[in-house]
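# Residue-level structure breakdown
Next come the chains, spelled out residue by residue.
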Amino acid sequence: MTAADPRPLTGEPIALDLLNTRWVVDGELLDLFAGAAGLTRVQGLAVWLESTGLAGRFRADAATLVHLLTAREALARAVADPADESARTLVDAVLEHGRIRATLTAEGPGERAEFADPAWGPAWTAARDYLDLLASAPERIRTCASETCVLRFFDVSRNGTRRWCSMAACGNRAKASRHYARTRER
């Protein structure tokens, strides 16, 4: 059985969920792949694979982790600055390790991802997911508005105005801070 996922925000699209394997608690940057919550690096990988639904397809091992860290850095740079040509080159380098094969299934046309080295599977899947997000609504890829938060999310709100990774956490803290400032001024 895999350990519980200690991250404050899960369930985002795979590319952003990979970025959210780093988060801040009480001013300290935690990393699921570097011992957060007392997990080893590979245990953190197993938790992430389980939470993203990739556990049955890919192994939680050192090679997969190295490739996933490469993808996380490439995606972090690409999301931070979409105009950064070197970031695009890094994402492309990850995408070089897999391809989509067209298939015909009982339901009709389909696709299947293929990898020369399966250890690249999760990294490639995250990079490919980022391309899908860019194709559908790049303006909805957001960073939490809290100055102390590093989490990313895909804004699926109807009007596209979500500002916080979580209204219960960062959003509530911001509202409480504004309220405290207003009451202090009186």
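Below: a short report on this structure. (Residues numbered from 1 in each chain as written. Predicted model: local features only at pLDDT ≥ 70, side-chain atom pairs only at ≥ 80, totals over all residues. Heavy atoms only, no water.)

What follows deals with the pairing of strand 3 (residues 98–105). As paired strands, strand 3 and strand 4 (residues 108–115) are joined by 8 bridges and run antiparallel to one another. When the bridges of strand 4 are listed, Ala 102 appears paired with Glu 111. (Pairing = 2+ DSSP bridges. Helix = DSSP H or I, 4+ residues; strand = E, 2+ residues; numbered from the N terminus.)

Within the fold, Thr 21 resides in the loop between helix 1 (14–19) and strand 1 (22–25). For Thr 21, the side chain forms a polar contact with the main-chain oxygen of Leu 18, separated by 2.6 Å. For Thr 21, the side chain forms a polar contact with the side chain of Arg 72, separated by 2.8 Å. Not counting chain neighbours up to four residues away, the residues in contact with Thr 21 comprise Arg 7, Leu 30, Asp 31, Leu 32, Phe 33, Trp 48 and Arg 72. (Polar contact = N/O pair within 3.5 Å; in protein donor to acceptor, adjacent residues only side chain to side chain. Contact = heavy atoms within 4.5 Å.)

A word on helix 4 (residues 85–95). For helix 4, every residue scored as buried is listed here: Ala 87, Val 91, Val 94 and Leu 95. Here the buried residues of helix 4 occupy an arc of 105° about the axis, which is enough to place them on one side. (Buried < 20%, exposed > 50% of the residue type's maximum accessible area, 1.4 Å probe, protein only. Arc of directions from axis to C-beta.)

Before going further, it helps to examine the packing of aromatic side chains. Ring pairs (aromatic) are described by centroid distance and by the angle formed between their planes. A complete count under the given rule lists 3 aromatic pairs for this structure. Between Phe 58 and Phe 115 the ring centres are 5.8 Å apart and the planes differ by 70°, which places this aromatic pair in the edge-to-face class. Of the two residues, Phe 58 is situated in the loop between helix 2 (41–52) and helix 3 (62–80) and Phe 115 in strand 4; the sequence distance between them amounts to 57 residues. Summarising the burial analysis for this pair, Phe 58 and Phe 115 share the class buried. Here Phe 115 and Trp 124 contribute two aromatic rings whose centre-to-centre distance is 5.3 Å and whose plane-to-plane angle is 75°, an arrangement assigned as edge-to-face. The class of Trp 124 is buried, set by a relative accessible area of 5%. Arg 162 extends its terminal NZ or CZ atom over the ring of Phe 153, reaching a point 4.0 Å from the ring centre. (Phe/Tyr/Trp six-rings, centres within 6.5 Å; stacked < 30°, edge-to-face > 60°. Lys NZ or Arg CZ within 6 Å of the ring centre and 35° of its normal.)

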